[in-house]
Amino acid sequence: MEANTLNELKKFALDIRIETLNMISKHGFGHMGGSLSVADAITVLYGNQMKYDPENPKWDGRDYLVLSKGHCGPALYSALAIKGFFPREELLTINKLGTRLPSHVDKNLTPGIDMTAGSLGQGVSCALGIALGLKLQNKPNMVYAIIGDGEAQEGQVWETMLIAPNRGVKNFIVLLDNNKQQLDEFTEHISSLGDIRRKAEDFGWYALTVDGHDLSAIDEAIEKCKAEDKPGFINMETVKGKGWPDKEAILGNHALRGAAFAGVDEAIDNLRKELAAI
Amino acid sequence: MVKLINEKIKDIELTKAYSEQLIALAKENAMIVDLEADVGNCIFGPEFQKVFPERYLDLGICEQSLSSISAGISATGMIPFCHTFAAFASRRMCDQNYISCAYAKNNVKIVGSGPGISSGENGGTHHANEDIALMRPITDITIIEPADSVAMRWAVKKAAATFGVFYIRAERYGQERLYEDDSGFEIGKANVLREGNDVTIIAEGNLMIKASLDAADILTAKGVSACVIDIFTIKPIDEEMIIQYAKETGAIVTVENHSITGGLGSAVAEVLCESFCGVPMKRIGIPNRFGEVAQPEELQKVMHMTPEDIAEAAMSGIAGKK
């Protein structure tokens, strides 16, 4: 990746994190941990990979993203606002009555959201449906789905893992935000995914593991998947809460409320300084 | 406009009418796609697959994905019909039907075959006795229970042509034809099959409408004039007709191939209570018990859903008039 492109992506990623922390802390509730761990994947998708038109979110030439871990909407909303799908000021309406930015992503409310998600396991299955529908119509659009490691405990995820390769789907890439934590506990203390890359490979996917906070590595992994003749699976090793050092990889960072946002202003200031320095 | 048939003709199985109509539609419309979870052969045989191998997606035994994948396919502009046994289409797919299909406002047609006692020998695990109860509270869903092959063909065409989530109950039986080939129907409009003055029997589905018509004959022999209505769409339900006939005949009996809890009987009771009709009402259907292996006709007896049971309920309703 060219240095210039990488710099732009780094700025975009910081911007997403700043907006995410700002919107949920100002509101006083929001899914912080997973939004920050997935921010870099969303950066690469909207910063360098996906085709889209903010003026025409339903453009039929667009690539699709289904955020199957639908509670991490804040990171995606931030990216969409930064890219011009709707005004940035609207981010502050999150989770308020009548908002277009609900806690879990909703395709009927938010410009740029391709599929409603929130009941875990369903989004990735819907994404496979989109890929199959496009395939049936001989359309080349790419379909991306982002799942969580906790979400991968849902049986429906494994139905999708089995079906996609058997259906010969090629325009489909699943990115796993493997942040090692779920709401209650560390994932391995509840039900470990084990060697998830190998599992995906055994199911018939082209599967890779990358550092989910290395923008170049994510971008390169997507390119490799696109070149393959089978669906792609990218296990992104991530840190829940990445970008707010006090909250990284600690239990209880899944969703924050009220006083739990203490120190967020300093965290946002630090991200802003980092952004200004690029 | 509804046209009742005047002669006695043996009908074909409703699942057969469904599959024939879907294949015919798929020939006209390249956006129609059929999704199955390994029970397609029970209703299609090899037919759909043979004509449209690309548009017949047998996903394997994965009902949750059947629903969500259908939702995703519809988001690309295609019109998916997803079929499985009614027990799985409702109980197993409930959250997916709710979130992926209805809440997300996708364009999915869910078809549940063999509802209620029509699954007979498959036994209690396969009897969908509460599929309507599970589907009915879901916002924006349309629930159709075609009572003969003509109504089924109309339902399939209407569902394909109308954006939104439809649930079509498809009995594996076909007894007598009720409607002329060119009969019209309307979503939310019930159809009067037989006029009567003393009591109104509101029924759904091929199996129980036949039983209701037979019950009306029993009542006629006793000098009682019973009206028989095919409710046709359970959601939206024809409130106007329910209230009109409650007022005109003064007693209601509901007859359904479904649990008496949460289905047609409950839906009609809601209408009657909220309209302050105050007429006596009896519900015939599957009581609070699980299904078991038997022929549907045997189960009808076990569950007290025979024409005699319906006639007795009607007499009880009439006796309850003030």
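Above this text you will find the structure in question.
If you're wondering where the values come from, they're calculated on a predicted model, not measured in any experiment.

So, how was this worked out
- Counting from 1, residues in each chain are numbered in the order their sequence is written.
- Each chain takes a letter, starting from A, and each ligand takes a number, starting from 1, following the order in which they are written.
- Side-chain atom pairs in this predicted model are given and counted only at pLDDT of 80 or more, local residue features only at pLDDT of at least 70, and totals for whole chains, interfaces and linings cover all residues.
- Excluded from the side-chain calculations are hydrogens and water; all other atoms, namely the structure's heavy atoms, are used.
- Numbering of helices and strands runs from the N terminus, with a helix taken as a DSSP run of H or I at least four residues long and a strand as a DSSP run of E at least two residues long.
- Within these notes, the globule rule equals 2.2 Å times the number of residues to the 0.38 power, and the radius of gyration is based on C-alpha atoms.
- Every residue pair with non-hydrogen atoms within 4.5 Å of one another is taken to be in contact.
- Here the accessible surface of atoms and residues is derived via Shrake-Rupley with a 1.4 Å probe, and residues count as covered only by protein chains that are part of the display.
- When charges are counted, neither His nor the chain ends are considered; positive counts come from Lys and Arg and negative counts from Asp and Glu.
- Taken as the charge centre is NZ of Lys, CZ of Arg, CG of Asp or CD of Glu, depending on the residue.
- Buried area: the sum, over both parts, of the accessible surface (1.4 Å probe) that disappears when the two are put together.
- Definition of a polar contact: a pair of N or O atoms within 3.5 Å, with one able to donate and the other able to accept a hydrogen when the atoms are protein atoms, and with sequence-neighbouring residues admitted only if both atoms are side-chain atoms.
- Buried Ala, Val, Leu, Ile, Met, Phe, Trp, Tyr and Cys residues form a nonpolar core when they are joined through side-chain atoms within 4.5 Å.
- Burial classes: relative accessible area under 20% of the type maximum marks a residue as buried, over 50% as exposed, and values in between as partly exposed (1.4 Å probe, protein chains only).
- Paired strands, in this sense, are two strands between which DSSP finds at least two bridges.
- To obtain each axis, a line is fitted to C-alpha atoms, and for helices this fit is confined to the stretch in contact; angles are then taken between N-to-C directions over 0 to 180 degrees.
- Classification of ring pairs rests on two measures: the distance between centres of Phe, Tyr or Trp rings, Trp counted by its six-membered ring, which must be within 6.5 Å, and the angle between planes, read as stacked under 30 degrees, edge-to-face over 60 and tilted in between.
- Counting as a charge over the ring demands two things of the Lys NZ or Arg CZ atom: a distance within 6 Å of the ring centre and an angle within 35 degrees of the ring normal.
- Here the word oblique covers every angle except those under 35 degrees (roughly parallel), over 145 (roughly antiparallel) and from 65 to 115 (roughly perpendicular).
- What makes a crossing left-handed is the near helix being turned counterclockwise from the far one by less than a right angle; a clockwise turn instead makes it right-handed.
- Classification convention: Asp, Glu, Lys, Arg as charged; Ala, Val, Leu, Ile, Met, Phe, Trp, Tyr, Cys, Pro as nonpolar; all other residues, Gly among them, as polar.
- Buriedness of a pocket was judged along seven lines, with at least five required to meet protein on both sides within 12 Å; pockets are open sets of points on a 1 Å grid over the protein atoms alone, cavities are sets where a 1.4 Å probe fits but cannot get out, and lining residues have an atom within 4 Å of a point.
- Grid points are joined across faces, edges and corners, and a volume is the space filled by probe spheres set on the points.

Notes on the overall build of chain A
Argument step 1. Counting its secondary structure elements, chain A contains 10 helices and 7 strands.
Argument step 2. The C-alpha atoms of chain A give a radius of gyration of 17 Å, which matches the 19 Å a tight globule of 278 residues would have.
Argument step 3. Expressed as lengths along the three principal axes of its C-alpha atoms, the size of chain A is roughly 50 × 45 × 40 Å.
Argument step 4. For chain A, the share of sequence-separated contacts (at least 6 apart) that also reach a separation of at least 24 residues comes to 74%.
Argument step 5. A total accessible area of about 10700 Å² is found for chain A, and carbon and sulfur atoms account for 48% of it.
Argument step 6. Side-chain charges in chain A split into 30 positive and 38 negative, and the spacing between the mean points of these groups amounts to 3 Å.

So, the interface of chain A and chain B
Argument step 1. Every contact between the two is made by 23 residues of chain A and, on the other side, 26 residues of chain B.
Argument step 2. For the pairing of chain A and chain B, the buried interface totals around 2000 Å² over both sides, and the portion due to carbon and sulfur atoms is 57%.
Argument step 3. Inspection of the chain A/chain B interface yields 16 residue pairs in polar contact (both at pLDDT 80 or more).
Argument step 4. Elements with a minimum of two residues in the side of chain A that touches chain B: helix H5 (122-136) and helix H6 (155-166) of chain A.
Argument step 5. For the side of chain A that touches chain B, the element with the highest residue contribution is H5 of chain A, accounting for 10 residues.

What about the nonpolar core?
Argument step 1. Counting 80 residues, the largest nonpolar core has Phe172 and Phe233 of chain A together with Leu35 and Ile110 of chain B as its most contacted members.
Argument step 2. Considering every element that reaches this core, the biggest residue donor is H5 of chain A, with 8 residues.
Argument step 3. Excluding residues that lie within four positions of it along the chain, Ile110 of chain B makes contacts with Cys82, Ala89, Met93, Asn97, Met135, Val165, Phe166, Tyr167 and Ile168 of chain B.

So, the sheet that holds strand E5 (residues 142-144) of chain B
Residue and element names in this part refer to chain B.
Argument step 1. Ordered in space as E2-E1-E3-E4-E6-E5-E10, the 7 strands form an open sheet in which the pairing is mixed. Sheet topology places strand E2 (56-58) and strand E10 (233-235) at the edges, where each strand pairs with a single neighbour. Strand-to-strand twist across the sheet, computed as the mean angle between neighbouring axes with direction ignored, equals 20 degrees.
Argument step 2. Sheet topology places strand E4 (residues 109-113) next to strand E6 (residues 166-170); 5 bridges connect them, and they run parallel. Within E6, the residue paired with Val111 across the bridge is Ile168.

So, the packing of aromatic side chains
Residues and elements named next belong to chain B.
Argument step 1. Under the criterion given, the structure shown has 13 aromatic pairs over all chains.
Argument step 2. Between the aromatic rings of Phe48 and Tyr56, the centroid separation amounts to 5.9 Å while the plane-to-plane angle is 35 degrees, which identifies the pairing as tilted.
Argument step 3. Grouping aromatic residues by their ring pairs yields a cluster made of Trp154, Tyr179, Phe185 and Phe232.
Argument step 4. One Lys or Arg, Arg172, reaches over the ring of Phe85 and ends 4.6 Å from the middle of that ring.

Observations regarding the sheet that holds strand E9 (residues 226-230) of chain B
Residues and elements named next belong to chain B.
Argument step 1. Taken in spatial order, the 5 strands make up an open sheet running E7-E9-E8-E11-E12, and their pairing is mixed. At either end of the open sheet lies a strand with only one pairing partner, and these are strand E7 (191-194) and strand E12 (281-286). In this sheet, neighbouring strand axes are inclined to one another by 25 degrees on average, regardless of whether the strands run parallel or antiparallel.
Argument step 2. Of the strand pairs in this sheet, E7 and E9 are connected by 3 bridges, and their pairing is antiparallel. In the strand pairing of E9, Asn191 is matched with Asp230.
Argument step 3. Most of the contacts of helix H9 (residues 205-221) go to strand E8 (residues 199-203), to which it runs at about 165 degrees, and overall it touches E7, E8, E9 and strand E11 (252-259).
Argument step 4. Helix-sheet contacts for helix H11 (residues 264-274) involve E8, E11 and E12, and the interaxial angle to E11 is about 145 degrees.

So, the packing of helix H1 (residues 3-27) of chain A against helix H10 (residues 264-277) of chain A
All names here are of chain A.
Argument step 1. H10 packs onto H1 with a crossing angle of 160 degrees between their chain directions and a minimal axis gap of 9 Å. When the axes of H1 and H10 are compared, the pair comes out roughly antiparallel. In this structure, H1 meets H10 at a crossing whose hand is left-handed. On H10, the residues that touch Lys11, Leu14, Arg17, Ile18, Leu21, Asn22 and Ser25 of H1 are Val264, Ile268, Leu271, Arg272, Glu274 and Leu275.
Argument step 2. Across the contact of H1 with H10, the residue classes tally to 7 nonpolar, 2 polar and 4 charged.

Regarding the layout of surface pockets
Residues and elements named next belong to chain B.
Argument step 1. Looking at the largest pocket, its volume works out to about 320 Å³.
Argument step 2. For the largest pocket, the lining is made up of 14 residues, of which Ile5, Glu176, Arg177, Leu178 and Leu213 are closest to its centre.
Argument step 3. Those elements that place two or more of their residues in the lining of the largest pocket are E7 and H9.
Argument step 4. Here the element with the most residues in the lining of the largest pocket is H9; it accounts for 4 residues.
Argument step 5. Within the lining of the largest pocket, the residues separate by chemical class into 5 nonpolar, 1 polar and 8 charged.

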